[in-house]
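Spelled out, the chains give:
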Amino acid sequence: MLENKVAIVTGASSGIGYATSLALSKAGVRVAVGARRIDKLQELEKQIIKNNGGDIFVQKLDVTTKSDCDSFADAVVRKWGKVDILINNAGLMPLSYFVNRKVEEWERMIDVNIKGVLYCTSAVIPHMLDKKSGHIVNVSSVAGRIIFAGGSVYCATKHAITAFSEGLRKELSPRYNIRVTCVEPGAVSTELLESITDESMAGFIQASKSMETLGSDDIANAVLYAIQAPNHVNVNEILIRPTAQER
Ligand code: NJP
C-alpha cells in the first residue's frame, strides 16, 4: 500500500533518518532525503539503489533556513508531482546544565528541533491541502514527555514538538484528511550524544552507553507501522523506550 508514495525525510544522513529512509524505500516509497552532509546522503543513495533499485532524490537541506525547506519541497513536487509523507526527523541534543550558559547550543536546538519542524511542515502543507491527504510524522522524544536535569532546553524543544503535533492533528486531520504522528524514542544508539559538549553530562553519556539501547531500525519500524495503517487509522503518538531504560 506504500508503493509509489512520496516521502521527505529530514536528517537522513545518519541514525534514525538514515534507517527510516532505507525502510521506506524497501516498502516501495520514493524517498527524498535531506541533510547538510551531502556525502552521507550519497552513501544512502548508493545503498538504496544497490538494495532494491528504489527511487531516491537527494538534496542538501538545512532545516534552519526556511527557503531551503521550501525549495526542497518544491523540487520534490517538480520531480514526482506530490508529497504524501513528511518525516520531520532532523534534530540535535547538546545537553547541558543551564547554569553553564551554552547559549549558542540552546539557540541551535531551538532553530533545528523547533523551527526546522515548523519550516518543513509549512513547506509541504500546501501540497497536502491540495489533494486532501498526507501524513506528517514528527520525531519528538521521551524528553517530550518527561524532564530531566541537564535537559531543560532539549526537553523544552521536544515538549514543543509533542504539543505542536497534537495541535496540528486537531487542525489538519478531521478537516483535511492529513494524519499526524508523534514518535517519542527513548535512548537509540546514533550519533546524537556526540553533540554534547558540557563535561558535567559525562555521567549521562556513560549511563546511556552502558545500557542496551534501541537501534535506529526499531524506530524506523515504528514509523512504518504508523504510515502503513489504513487511512482511517490515525496513529497519533508512539512512545518507545529500550526495555532497560527507567527514566
Ligand atoms: O541522531 P543523529 P538521531 N538541517 O545525530 C540532522 C530524536 N531522538 O538519529 O545535517 C538538516 O544520528 C543531521 O544531519 P546533518 C532526535 O532528537 C533521538 O538519534 O548531515 N538536518 C542528522 O542526519 C532527532 O530529532 C534519540 O548533520 C540536520 C540528524 O539530524 C531524531 O531523533 C532519542 C540539521 C541527526 O542524526 C534523529 O536523531 C530521542 C540541520 N540544520 C529522540 N541539524 C536517540 N538517538 O537516543 C542536524 O528521544 N541535522
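Residues numbered from 1 in each chain as written. Predicted model: local features only at pLDDT ≥ 70, side-chain atom pairs only at ≥ 80, totals over all residues. Heavy atoms only, no water.

## Brief notes about the packing of helix 4 (residues 103-131) against helix 5 (residues 152-176)
Argument step 1. Relative to each other, helix 4 and helix 5 sit at 10 degrees, their axes nearing to 9 Å. With respect to their mutual orientation, helix 4 and helix 5 come out roughly parallel. Seen from helix 4, the contacting residues are Trp106, Met109, Ile110, Asn113, Ile114, Val117, Leu118, Thr121, Ile125 and Leu129; seen from helix 5, they are Val153, Tyr154, Thr157, Lys158, Ala160, Ile161, Phe164, Leu168, Leu172 and Tyr176.
Argument step 2. Split by residue class, the contact of helix 4 with helix 5 holds 16 nonpolar, three polar and one charged. (Axes fitted to C-alpha atoms, helices over the stretch in contact; angles between N-to-C directions. Helix = DSSP H or I, 4+ residues; strand = E, 2+ residues; numbered from the N terminus. Parallel < 35°, antiparallel > 145°, perpendicular 65-115°, else oblique. Contact = heavy atoms within 4.5 Å. Nonpolar A, V, L, I, M, F, W, Y, C, P; charged D, E, K, R; others polar.)

## Topic: the environment of Leu41
Argument step 1. For Leu41, the location among the structural elements is in helix 2 (residues 38-52).
Argument step 2. What makes Leu41 buried here is its relative accessible area of 0%.
Argument step 3. Between the C-alpha atom of Leu41 and that of Ser14, which follows or precedes it by 27 residues, the distance is 8.5 Å.
Argument step 4. Every residue in contact with Leu41, bar those within four places of it in the chain, is listed here: Ala12, Ser13, Val33, Gly34, Ala35, Val58 and Gln59. (Buried < 20%, exposed > 50% of the residue type's maximum accessible area, 1.4 Å probe, protein only.)

## Let's talk about the nonpolar core
Argument step 1. With 41 residues, the main nonpolar core has Ile8, Val76, Leu95 and Ile136 as its most contacted residues.
Argument step 2. Elements that contribute at least two residues to this core include exactly strand 1 (6-10), helix 3 (66-80), helix 4, helix 5, strand 6 (178-185) and helix 6 (202-210).
Argument step 3. The element that contributes the greatest number of residues to this core is helix 4, accounting for eight residues.
Argument step 4. Filtering out sequence-adjacent residues up to four positions away, Ile8 remains in contact with Ala32, Phe72, Ala73, Val76, Val83, Ile85, Leu86, Ile87 and Val124.
Argument step 5. Grouped together as the second largest cluster of nonpolar side chains are 29 residues, Val33, Ile87, Leu214 and Ile227 included. (Core = buried A, V, L, I, M, F, W, Y, C linked by side-chain atoms within 4.5 Å.)

## Observations regarding the pattern of salt bridges
Argument step 1. One pass over the structure, following the stated rule, counts 10 salt bridges.
Argument step 2. Residues Asp70 and Lys66 are paired through a salt bridge, measuring 2.8 Å at the closest nitrogen-oxygen approach. Pair noted here: Asp70 and Lys66 are both in helix 3, with a separation of four residues, about one helical turn.
Argument step 3. Asp70 gets classed as partly exposed once you look at its relative accessible area, which sits at 23%.
Argument step 4. Here the salt bridges do not stand alone but share partners, grouping Lys82, Asp84 and Lys131 into one network. (Salt bridge = Lys/Arg side-chain N within 4 Å of Asp/Glu carboxyl O.)

## So, the site of the ligand
Argument step 1. Surrounding the ligand, one finds 30 residues, the nearest of these being Arg36, Ser141, Pro185, Val188 and Thr190.
Argument step 2. Measuring from an oxygen atom of the ligand, one finds a side-chain N or O atom of Ser14 at 2.8 Å.
Argument step 3. The separation between an oxygen atom of the ligand and a polar main-chain atom of Gly186 is 3.5 Å.
Argument step 4. Taking 900 Å² as the accessible area of the ligand by itself, protein coverage stands at 94%.
Argument step 5. Contributions of two or more residues to the shell around the ligand are made by helix 1 (15-26) and helix 5.
Argument step 6. Among the residues forming the shell around the ligand, the class breakdown is 14 nonpolar, 11 polar and five charged. (Near = heavy atom within 4 Å. Polar contact = N/O pair within 3.5 Å; in protein donor to acceptor, adjacent residues only side chain to side chain. Areas by Shrake-Rupley, 256 points an atom, 1.4 Å probe, with all protein chains shown as cover.)

## Observations regarding the sheet that holds strand 2 (residues 30-35)
Argument step 1. The seven strands lie next to each other as 3-2-1-4-5-6-7, forming an open sheet whose pairing is parallel. The outermost strands of the open sheet, each flanked by one partner alone, are strand 3 (56-60) and strand 7 (237-240). Looking at each pair of strands side by side, their axes are set apart by 15 degrees on average, direction ignored.
Argument step 2. Note that strand 6 and strand 7 share four bridges and pair parallel. By the bridge assignment for strand 7, Pro185 is matched with Ile240.
Argument step 3. Those strands touched by helix 2 are strand 2 and strand 3, and its axis lies near 175 degrees from that of strand 3. (Pairing = 2+ DSSP bridges.)

## Brief notes about the side chain of Ser173
Argument step 1. Examined against the element boundaries, Ser173 turns out to sit in helix 5.
Argument step 2. Of the residues examined, Ser173 reaches a relative accessible area of 13% and is grouped as buried.
Argument step 3. Within the structure, Ser173 has its side chain in polar contact with the backbone oxygen of Ile178 (distance 2.7 Å).
Argument step 4. Of the polar contacts made by the side chain of Ser173, one reaches the side chain of Asn234; its length is 3.0 Å.

So far we have only geometry, and geometry alone does not tell us how the molecule works.
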